[in-house]
Amino acid sequence: MARTFRQGPLERAIEAVVAAAGSDAIEARRVAQNLVLANLLGHDSHGIGMIPRYVDAVLEGGLAPNAHPKIMLDTGTLLTLDGCKGYGQSIGHEAMQLAIERVKKHGSCIMALGNSHHLGRIGHWAEMAVAEGFVSIHFVNVISHARVAPYGGRDARFGTNPCCIAVPLPGEAPFVLDYATSAVAQGKLRVAHNKGETVPFGRLIDTDGNPTQDPRYAVIPPFGAMLAFGEHKGYGMAMACELLGGALTGGGTWHYDESSQQRVLNGMLAIVLDVKKLGTAQAFEREARLFLDWLRKARPAPGFDRVRLAGEPEREMRAARSRDGVPVDDTTWEEIQRAAEKVKLPRSRVESLALER
Ligand SMILES: NC(=O)c1ccc[n+]([C@@H]2O[C@H](COP(=O)([O-])OP(=O)(O)OC[C@H]3O[C@@H](n4cnc5c(N)ncnc54)[C@H](O)[C@@H]3O)[C@@H](O)[C@H]2O)c1
């Protein structure tokens, strides 16, 4: 069963939980707006369902409310930041603001951010840069649990390491390619498991390394492992995320046995570039336009209505959910209310805020 909530009231309910867990008003609002936006865009796996985990992480001391990025190095075009285990929604926002200021001045900035708590939907950060007319490229690693096996291996060795490339497009909304390098997000396997459904082959292996359609191997111990998308190709991208987002940022790589901690740390290498300063702006506009027109003349394949660009499905979902409300399943809502109680916010308060008009 799912209930639907309007964006504004849902944000205020989530904001109250984050504030009760110790965040100041600005941070509580940023976290709530970021998570509800992920739901609005259709990425429920990175939306308000993260709240119980964030609250546990705060209570365990693995997530520090009200932290700000610490500048470790700043040459203008090179920027190294320590996220100080702060909320990714605050750290990511402030880190991207710092990078964007430098791109406005110098034309580009490579920003290495280590040790941030969960950065959520990586497209959120790319969209801040693309709104300024900048290209934004992100490699991210995850320090939480090893869930994905290397190509040719049977044991999980890294997380769902996302990457994102956003490009402003002439005369239309940007291209925003943003995904996990695992063949499917772990949250989607949990949903399939809860519904008693199987998943297609190519997403998972069991504890012996054999292909399986049973999502339990990603959800309950003993775990098998998830697979990267596109066999050796996705595996290579996941490695790039670990090396660039984890090792190069100084945030750290995953090389541990199983952890019981609830915190999720992300490292992110971001490359941000002003299209206008590269000397190719006119060619870019012309060639991008010609290419997009040509691409869209591709006839739809059976089962498709048209060819879309990355970023479009999220914008379509946003329009639908802004109109119809954000569906939240009963289990997720119950877990959020229990999280609120852990930080002494009555569930009745969360409920009434979420249902306000
Ligand atoms: N912070 C973290 O630790 C972490 C880890 C993993 C994933 N994530 C985030 O989770 C989110 C979901 O990841 P995912 O792997 O489930 O995403 P996904 O498989 O839904 O793929 C999303 C991408 O594919 C594009 N896309 C989808 N359908 C399309 C179509 N028909 N035509 C063209 N493009 C299309 C979307 O626009 C988007 O860019 C992402 O925002 C990612 O950043 C975060």
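About the criteria used
- Residues numbered from 1 in each chain as written.
- Predicted model: local features only at pLDDT ≥ 70, side-chain atom pairs only at ≥ 80, totals over all residues.
- Heavy atoms only, no water.
- Near = heavy atom within 4 Å.
- Polar contact = N/O pair within 3.5 Å; in protein donor to acceptor, adjacent residues only side chain to side chain.
- Areas by Shrake-Rupley, 256 points an atom, 1.4 Å probe, with all protein chains shown as cover.
- Helix = DSSP H or I, 4+ residues; strand = E, 2+ residues; numbered from the N terminus.
- Nonpolar A, V, L, I, M, F, W, Y, C, P; charged D, E, K, R; others polar.
- Phe/Tyr/Trp six-rings, centres within 6.5 Å; stacked < 30°, edge-to-face > 60°.
- Buried < 20%, exposed > 50% of the residue type's maximum accessible area, 1.4 Å probe, protein only.
- Lys NZ or Arg CZ within 6 Å of the ring centre and 35° of its normal.
- Pairing = 2+ DSSP bridges.
- Axes fitted to C-alpha atoms, helices over the stretch in contact; angles between N-to-C directions.
- Contact = heavy atoms within 4.5 Å.
- Salt bridge = Lys/Arg side-chain N within 4 Å of Asp/Glu carboxyl O.

Q: What exactly am I supposed to notice about the site of the ligand here?
A: Neighbouring residues of the ligand: 23 residues in total, closest Arg121, Asp178, Ala180, Gly311 and Glu314. One nitrogen or oxygen atom from the main chain of Val176 is found 2.8 Å from an oxygen atom belonging to the ligand. Note that an oxygen atom of the ligand is positioned 2.7 Å from one of the backbone N or O atoms of Gly311. Coverage of the ligand by the protein chains reaches 79% of its 870 Å² of free accessible surface. Going through the elements one at a time, β8 (172-180) and α10 (312-324) are the ones with two or more residues in the shell around the ligand. Sorting elements by how many residues they give to the shell around the ligand places β8 first, with 5 residues. Tallied by class, the residues present in the shell around the ligand amount to 11 nonpolar, 7 polar and 5 charged.

Q: Help me out: how do you make sense of unusual backbone geometry in this one?
A: For residues that are not glycine, phi is negative in most cases, and the peptide bond is trans in most cases. In this model, Pro221 is joined to Pro222 through a cis peptide bond whose omega is 0°. Its place among the elements puts Pro222 in the loop between α7 (216-219) and β10 (225-227). At Lys85, a position not held by glycine, the phi torsion is positive, near 60°. Among the structural elements, Lys85 can be located in the loop between β3 (78-82) and α4 (88-106). Within the chain, Asn115 stands out as a residue other than glycine whose phi angle is a positive 65°. Note on placement: Asn115 falls in strand β4 (residues 108-117).

Q: For this particular structure, what's the right way to read the packing of aromatic side chains?
A: Remark: the centre distance and the inter-plane angle together describe each pair of aromatic rings, the angle taken between the planes. Throughout the structure, instances matching the rule amount to 5 aromatic pairs. Centroid distance Tyr179 to Phe229: 5.4 Å. Interplanar angle 70°. Geometry classified as edge-to-face. Separated by 50 residues along the polypeptide, Tyr179 in strand β8 and Phe229 in the loop between β10 and α8 (232-248) bring together distant segments of the chain. Relative accessible area serves as the criterion here: at 34%, Tyr179 is assigned to the partly exposed category. Its end group placed over the ring of Tyr217, Arg216 keeps NZ or CZ at 4.8 Å from the ring centre.

Q: Even after reading the chapter, I still don't get the sheet that holds strand β2 (residues 70-74), so can you show me in this structure?
A: In a beta sheet, neighbouring strands pair by backbone hydrogen bonds and run either parallel or antiparallel. Taken together, 7 strands build an open sheet; the order of strands is β2-β3-β4-β11-β5-β7-β8 and the sheet is mixed. Each edge of the open sheet is held by one strand with a lone partner, namely β2 and β8. Across the sheet, the mean angle separating the axes of adjacent strands is 15° when strand polarity is ignored. Note that strand β5 (residues 134-143) and strand β7 (residues 162-169) share 4 bridges and pair antiparallel. Opposite Phe139, over in β7, you have Cys163 as the bridge partner. Docked against the sheet, α4 engages β2, β3, β4, β5 and β11 (265-274), running at close to 170° with respect to β4.

Q: Hey, could you run me through the pattern of salt bridges in this one?
A: Between side chains of opposite charge, a pair can form when the charged atoms approach closely. Tallied over the entire structure, the rule returns 22 salt bridges. Among the ionic pairs, Asp274 bridges to Lys277, the shortest N-O distance being 3.8 Å. Between Arg306 and Glu312 there is a salt bridge whose closest N-O contact spans 2.9 Å. Since its relative accessible area comes to 34%, Arg306 is described here as partly exposed. What you see here is one network of salt bridges that share partners, running through Asp305, Arg306, Arg308, Glu312 and Glu316.

Q: Please explain the pairing of β11 as it appears in this structure.
A: For a regular strand, the rule is simple: side chains alternate between the two faces of the sheet. Buried residues dominate β11, accounting for 8 of its 10 residues. Examined bridge by bridge, β4 and β11 share 8 bridges and lie antiparallel to one another. For Ile110, the partnering residue across the bridge sits in β11 and is Ile271. Examined bridge by bridge, β5 and β11 share 10 bridges and lie antiparallel to one another. Bridged to Val135 within β11 is Leu273.

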